Amino acid sequence: MVDSIFIGLSVITIGSAILSLESRELLYGGIALAISMLGIAGYFIILDAPFVAMFQIAVYVGAVAVLIIFTVMLVRAPNTVTKKETRKRKVAGILLGLSFLVLAGSILGNSAATQLKFNDTVPVFDVQAIGKELMTYYSPVLIVLALTLAAAVIGALALARREDIEERNEPAN
Amino acid sequence: MNQPTDFLYIAIILISIGIYGLVVKRNALRLIFSIELIANAVNLVIIAFSRMLPSPQGQVFVLFSIAISAAEVAVGLGIIIVAYRFYKDIDVTEYKNLKN
């Protein structure tokens, strides 16, 4: 059985996920996406993973949502409801989404996964265990991840660089 | 108390919303929204199973996954800004140079 907190979180998460795709203004879509990510963080707290929930809030609501909102303001999209979203495409999208929903839902409903239970007897693991894993077994992965992040940021900077402005400034120097 | 399958159903619903967005929407930013929704649904599944076992390795995996999708969003938004500078539009059907 599900409890009321779970139902409320589900309404927030799924409702704002739909709103993020269907809202008229792109800016409101970005904010709705951030609220959906907050709902996911709430699920993480229910699932006894508070550290991951805080990481999710810091990265998604703090960084990614702000980045998306900046981009929306920067590109000044003229129209959000375009004529390219034809009726045929919309019907195909709804059919594909619904078919995946029904297929995966029926597979999950008929599988042995419905008998799985959360193990409530063992103590909830803490942040110390995550830190130990990160620093011992997964430390090479952590280093590679840091390099990946640095490369992604440098790549984004190099992509968004404007060469025409630089060439104009060259003679002045 | 919730069961693991409840979270799996939520993840399935989020993934189908993401698939719908990827098929229907032609706005480049909305495509990124859809990708983010799917990535978050997968994170939710991993955390649910790691709570069920229970094992902290699932949480470590999700930390890596969140960091990588943050990097992906940074590069994707950079590409969108460059494309907007070329085409003055963020509609992916306008990006004709990528065809053929």
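Per chain, residue numbering runs from 1 following the sequence as it is written. Each chain takes a letter, starting from A, and each ligand takes a number, starting from 1, following the order in which they are written. Only residues with pLDDT of at least 70 get local features here, since the model is predicted, and only at 80 or more are side-chain atom pairs given and counted; chain-wide, interface and lining totals rely on the full set of residues. The basis for the side-chain values is all heavy atoms of the structure; hydrogens and waters are excluded.

- Going by what an unreviewed UniProt entry lists, chain B is known as NADH-quinone oxidoreductase, subunit K and is assigned to Candidatus Nitrosocosmicus arcticus.
- UniProt positions are given in the numbering used here, feature names are shortened, and annotations may be inferred rather than shown by experiment. Of the comments in the UniProt record for chain B, the one headed Sequence similarities (unreviewed entry) reads "Belongs to the complex I subunit 4L family."
- Turning to chain B, the UniProt annotation filed under Subcellular location (unreviewed entry) states: "Membrane".

- If you look chain A up in an unreviewed UniProt entry, it shows as NADH-quinone oxidoreductase, subunit J from Candidatus Nitrosocosmicus arcticus.

## Considering a nonpolar patch on the surface
Residue and element names in this part refer to chain A.
Right, on to step 1. Taken together, the side chains of I12, Y28, I31 and I35 make up a nonpolar region of the molecular surface, amounting to roughly 370 Å² of accessible area.
Right, on to step 2. Examining the composition of the nonpolar patch, we find that 3 residues originate from one element, helix α2 (residues 26-46), more than from any other.
Right, on to step 3. Only DSSP runs of H or I reaching four residues or more are called helices, and only runs of E reaching two or more are called strands; each is numbered from the N terminus. Its place among the elements puts Y28 in helix α2. Excluding any residue in a salt bridge, patches collect residues exceeding 30% relative accessible area, merging like charges within 9 Å and nonpolar Val, Leu, Ile, Met, Phe, Trp and Tyr side chains within 5 Å. Accessible surface is estimated by sampling points in the Shrake-Rupley manner with a 1.4 Å probe; for residues, cover comes only from the protein chains shown. In what follows, salt bridge is the name for a side-chain nitrogen of Lys or Arg lying within 4 Å of a carboxyl oxygen of Asp or Glu.

## What to know about the side chain of S10 of chain A
Right, on to step 1. Relative to the helices and strands, S10 of chain A resides in helix α1 (residues 4-22).
Right, on to step 2. A 1.4 Å probe rolled over the protein chains alone gives each residue an accessible area, and that area as a share of the maximum for its type sets the label: buried under 20%, exposed over 50%, partly exposed in between. Of the residues examined, S10 of chain A reaches a relative accessible area of 10% and is grouped as buried.
Right, on to step 3. Pairs of residues are marked as contacts when any of their non-hydrogen atoms sit within 4.5 Å. Dropping the residues within four chain positions of it, S10 of chain A is found in contact with G15 and Y43 of chain A together with I10 of chain B.

## Observations regarding the packing of helix α3 (residues 50-75) of chain A against helix α2 (residues 28-52) of chain B
Right, on to step 1. Here an axis means a line fitted to C-alpha atoms, over the contact stretch when the element is a helix, while the angle between two N-to-C directions is reported on a 0 to 180 degree scale. Here α3 of chain A crosses α2 of chain B at 175°, and the two axes come no closer than 12 Å. Taken as axis vectors, α3 of chain A and α2 of chain B run roughly antiparallel relative to one another. Residues V52, Q56, Y60, I68, T71, V72 and V75 of chain A of α3 of chain A form the contact with α2 of chain B, whose own contacting residues are L29, F33, E36, N40 and I47 of chain B.
Right, on to step 2. Classification used: nonpolar for Ala, Val, Leu, Ile, Met, Phe, Trp, Tyr, Cys and Pro, charged for Asp, Glu, Lys and Arg, polar for all others including Gly. In terms of residue class, the contact of α3 of chain A with α2 of chain B is built from 8 nonpolar, 3 polar and 1 charged. For classification purposes, angles smaller than 35 degrees are called roughly parallel, those larger than 145 roughly antiparallel, those between 65 and 115 roughly perpendicular, and all remaining angles oblique.

## So, the nonpolar core
Right, on to step 1. Counting residues in each nonpolar core, the largest one holds 59 residues, and the members touching the most others are V52 of chain A together with F7, L29 and I90 of chain B.
Right, on to step 2. Contributing elements (two or more residues each) for this core: α1, α2, α3 and α5 (127-135) of chain A together with α1 (4-24), α2 and α3 (57-87) of chain B.
Right, on to step 3. The element that contributes the greatest number of residues to this core is α3 of chain B, accounting for 12 residues.
Right, on to step 4. Not counting residues up to four positions away in its chain, the partners in contact with V52 of chain A are F44 of chain A together with I47, Q59, V62, L63 and I66 of chain B.
Right, on to step 5. Definition of nonpolar core: a set of buried residues of the types Ala, Val, Leu, Ile, Met, Phe, Trp, Tyr and Cys, connected through side-chain atoms within 4.5 Å. Counting residues in hydrophobic clusters, the runner-up holds 5 residues, among them A104, L108 and A113 of chain A together with I12 of chain B.

## Things to note about the interface of chain B and chain A
Right, on to step 1. Across the contact, 71 residues belong to chain B and 85 residues belong to chain A.
Right, on to step 2. Summed over both partners, buried area is the accessible surface (1.4 Å probe) that two parts give up on being assembled. Buried surface at the junction of chain B and chain A, summed over both partners, amounts to about 7,500 Å²; 74% is from carbon and sulfur atoms.
Right, on to step 3. The largest contributions to the chain B side of the interface with chain A come from R30, F33 and R51 of chain B, which together make up 10% of the buried area.
Right, on to step 4. Connecting chain B to chain A are 2 salt bridges.
Right, on to step 5. Between K25 of chain B and E22 of chain A there is a salt bridge, with the nearest N and O atoms lying 3.4 Å from each other.

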